[in-house]
Amino acid sequence: MLHKVIGAEFRACVEREYEGKPAHVVIAHRVYTTDIEDLWDAVTNAERIPRWFLPIEGQLQLGGRYQLKGNAGGTIQRCDKPTAFDVTWEFNGGMSWVTVRLAPEGKGTRLTLEHIVHAADVEQFWSQFGPGATGVGWDLSFYGLGLHIESGQSVPPEANAVWAASDEAKAFMRESAQAWADAHVAAGETPDVARGMAERTAAFYTGG
């Protein structure tokens, strides 16, 4: 199960209210083999973030604005070193929210990520792709962070053209999409619907 080895170790989908509106919440966590201070630095230091995720600029402090190259930007709403940060996730005119929590676990550190979006804002998109559309992307990020923590790798997986075009990458994305479908079923979605969402998501990420 490639996605469990190199992506998130736990996935869940929940429905809850956020800022007074119904919201879809995608949750993932993984334990990394490093201490909390190092993991915090890896996920908040503008020099290290591009080594596993995307180039970033802006004021990386409470109340500051950030911008990921070619992707989302937003505002840092919470920054409690070394355990928690919250950001708005503003992309293509839409707004969602990402929270990150770090906690020591055994000899490592658990990273828990939640991506929250108001259900009414993504009704058509969600009905087509479900949680995997967001979840597969975060699995890739969890993978890249793992490589960076464990080996010092400085190139995100999706930026490695050889890997991105490989059978391993395509298998990863398909298995990740299916894992998010399994989490969706566990949350109450019917298996056939979840499977269809996963197939469309996998096709999007693998090119067919």
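Structure: above.
Here goes a summary of the coordinates provided. All figures in this text were calculated on a predicted structure; none of them were measured in a lab.

A short note on the layout of surface pockets
Leftover empty space is mapped by rolling, across the atoms, a probe with the size of a water molecule.
Step number 1: Size it by volume and the largest pocket reaches roughly 970 Å³.
Step number 2: Only β2 (21–32), β6 (84–91), β7 (94–105), β8 (108–118), α3 (123–129), α4 (132–151) and α7 (191–206) provide two or more residues apiece to the lining of the largest pocket.
Step number 3: No other element matches α4, which puts 6 residues into the lining of the largest pocket.
Step number 4: A per-class count over the lining of the largest pocket returns 18 nonpolar, 12 polar and 2 charged.
Step number 5: Looking at the second largest pocket, its volume works out to about 410 Å³.
Step number 6: Forming the walls of the second largest pocket are 23 residues, and the residues nearest its centre are V43, T44, I49, F85 and V87.
Step number 7: It is α4 that contributes the most residues to the lining of the second largest pocket, 4 residues altogether.
Step number 8: Taken together, the residues of the lining of the second largest pocket sort by class into 21 nonpolar, 2 polar and no charged.

Conventions and cut-offs
- Residues numbered from 1 in each chain as written.
- Predicted model: local features only at pLDDT ≥ 70, side-chain atom pairs only at ≥ 80, totals over all residues.
- Heavy atoms only, no water.
- 1 Å grid on protein atoms, 1.4 Å probe; cavity = no way out; pocket = protein on both sides within 12 Å on 5 of 7 lines; lining within 4 Å.
- Points joined across faces, edges and corners; volume = space filled by probe spheres on them.
- Helix = DSSP H or I, 4+ residues; strand = E, 2+ residues; numbered from the N terminus.
- Nonpolar A, V, L, I, M, F, W, Y, C, P; charged D, E, K, R; others polar.

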